[in-house]
Amino acid sequence: MNADNSFSSWEEAVAWLRRQPEQSQLIADCYYDDPLIEAADRYWRSDEWAAVRELLVGRSGTALDVGAGRGIASYALAKEGLEVTALEPDPSELVGGGAIRALAAESGLPVRVVEEFSERLPFCDGTFDVVFARAVLHHTRDLQAACREFFRVLKPGGLFIAIREHVISREEDLPRFLDMHPLHKLYGGEHAYLLRQYIAAIGQSGFLHLKVISPWQSPLNYAPYSLTTLKAEVARRVGRGIPGVGLMVNSLLDLPGMWPLTRKILNQFDNRPGRLYSFVATRP
C-alpha cells in the first residue's frame, strides 16, 4: 500500500507512515514514535505543553481529555496532578484506547479510558473541572453539538481548552487545505471551519470569557517550532535566495519589540488554509 491509497483504519495509516524513513520527523512531531512513554514525556516537556500549563494554573480535580489518541495529553494532564478521563473512540493498541491504557499502566498515572465520541459524552452534568481538546473540534461532525456537550459536563467555573484547531478564511479554501494536509490523504477525516464558526459554537453553548489565540501568538499553535526556531524559519523565508539577508532578519527579530510587531503583522495577513487557532473559555 502506498501513500496515494486510502487505508481502512487510522491505525493502518499510522503503522504505514512509521515504516517510511523519510517521515521520521513527521512521526516525531506528531508523537507517533515509540516507546510511547518517552513520546508522552517529550510532549509534557514541550513548549506547547508549557503554554497549556500556564492556562491550568490554579486548576485541580478532574479533567476530560477529548479525542485522546495515544494519550500524550492525558499523560501530561495527569502529570499536572489532575485525575484524567481519556475519551477516545478508537480501541487501537497503537493510536487509541489500548495505547492509552498501556501508557497509564506503565506510568502509574490516574488515567481511565472511555471509548465514545465527543458529540455524545457518557457523563453526568457538571462532572469535570477541566475539558481539554487537542486538535478535536475540527474533526467533529456537529461542532455546535460537541461544544454543548463540553459545556454540559463541565462544573460551574470549569475551564474549556481547545487547542490547534484548523481555520480557513473561506469555504472554498477547504479542498486546498485537505489536498495539502500530509495525513489526510492516508485515511481522511480532516476538516477545518471558519473562525467565526468556532467562536459562534463555543459562545452559543454558554461559555464565557472566550479567549481566541491566533496562529503566531503562542506555541500552542506554532509547535513543533519553538520561538527560536520559528524566528529562524521566518528569517529564512524572508531572505530566501539572497545571501546574508536571513541572518540579518534573524538578528533584527531578536531586538526589543520587533517580534511582537512582526507577530502582529503576520497574524493580520496570514490566510493560509488550515492555520491553527486555540480557544479558552469558562463555564459560568
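Cut-off values and rules
- Residues numbered from 1 in each chain as written.
- Predicted model: local features only at pLDDT ≥ 70, side-chain atom pairs only at ≥ 80, totals over all residues.
- Heavy atoms only, no water.
- Helix = DSSP H or I, 4+ residues; strand = E, 2+ residues; numbered from the N terminus.
- Buried < 20%, exposed > 50% of the residue type's maximum accessible area, 1.4 Å probe, protein only.
- Patch = residues over 30% accessible without salt bridge, like charges linked within 9 Å, V, L, I, M, F, W, Y side chains within 5 Å.
- Areas by Shrake-Rupley, 256 points an atom, 1.4 Å probe, with all protein chains shown as cover.
- Salt bridge = Lys/Arg side-chain N within 4 Å of Asp/Glu carboxyl O.
- Polar contact = N/O pair within 3.5 Å; in protein donor to acceptor, adjacent residues only side chain to side chain.
- Core = buried A, V, L, I, M, F, W, Y, C linked by side-chain atoms within 4.5 Å.
- Contact = heavy atoms within 4.5 Å.

Concerning the side chain of T262
For T262, the position within the fold is in helix 14 (residues 258-269). A relative accessible area of 16% places T262 in the buried class.

Notes on a nonpolar patch on the surface
A grouping of I199, L210 and V212 is seen on the molecular surface, where their side chains present a nonpolar patch of about 180 Å² in accessible area. Position of L210 relative to the elements: it lies in strand 7 (residues 208-213).

Let's talk about the environment of G126
Within the fold, G126 resides in the loop between strand 3 (111-114) and strand 4 (128-134). Classification of G126 by relative accessible area gives partly exposed; the value is 28%. Between the C-alpha atoms of G126 and K155, which are 29 residues apart in sequence, the distance is 3.9 Å.

Considering the side chain of E233
Its place among the elements puts E233 in helix 12 (residues 227-238). Look at E233 and you get buried, because its relative accessible area is 15%. Within the structure, the side chain of E233 is placed 2.7 Å from the side chain of R236, a separation counted as a polar contact. Separated by 2.7 Å, the side chains of E233 and R237 make a polar contact.

Overview of the nonpolar core
Ranked by internal contacts, the top residues of the largest apolar core, which has 36 residues, are Y43, W49, L56, L77, V111 and F132. Counting only elements with at least two residues in this core, the list comes to helix 3 (36-44), helix 4 (47-55), helix 5 (72-79), strand 2 (83-87), helix 6 (97-107), strand 3, strand 4 and strand 5 (154-168). With six residues, the top contributor of residues to this core is helix 5. Not counting residues within four places of it along the chain, the set of residues in contact with V111 comprises S74, A78, V84, A86, I100 and A104. Of all hydrophobic cores here, the second largest spans 29 residues; its members include L121, F150, L154 and F160.

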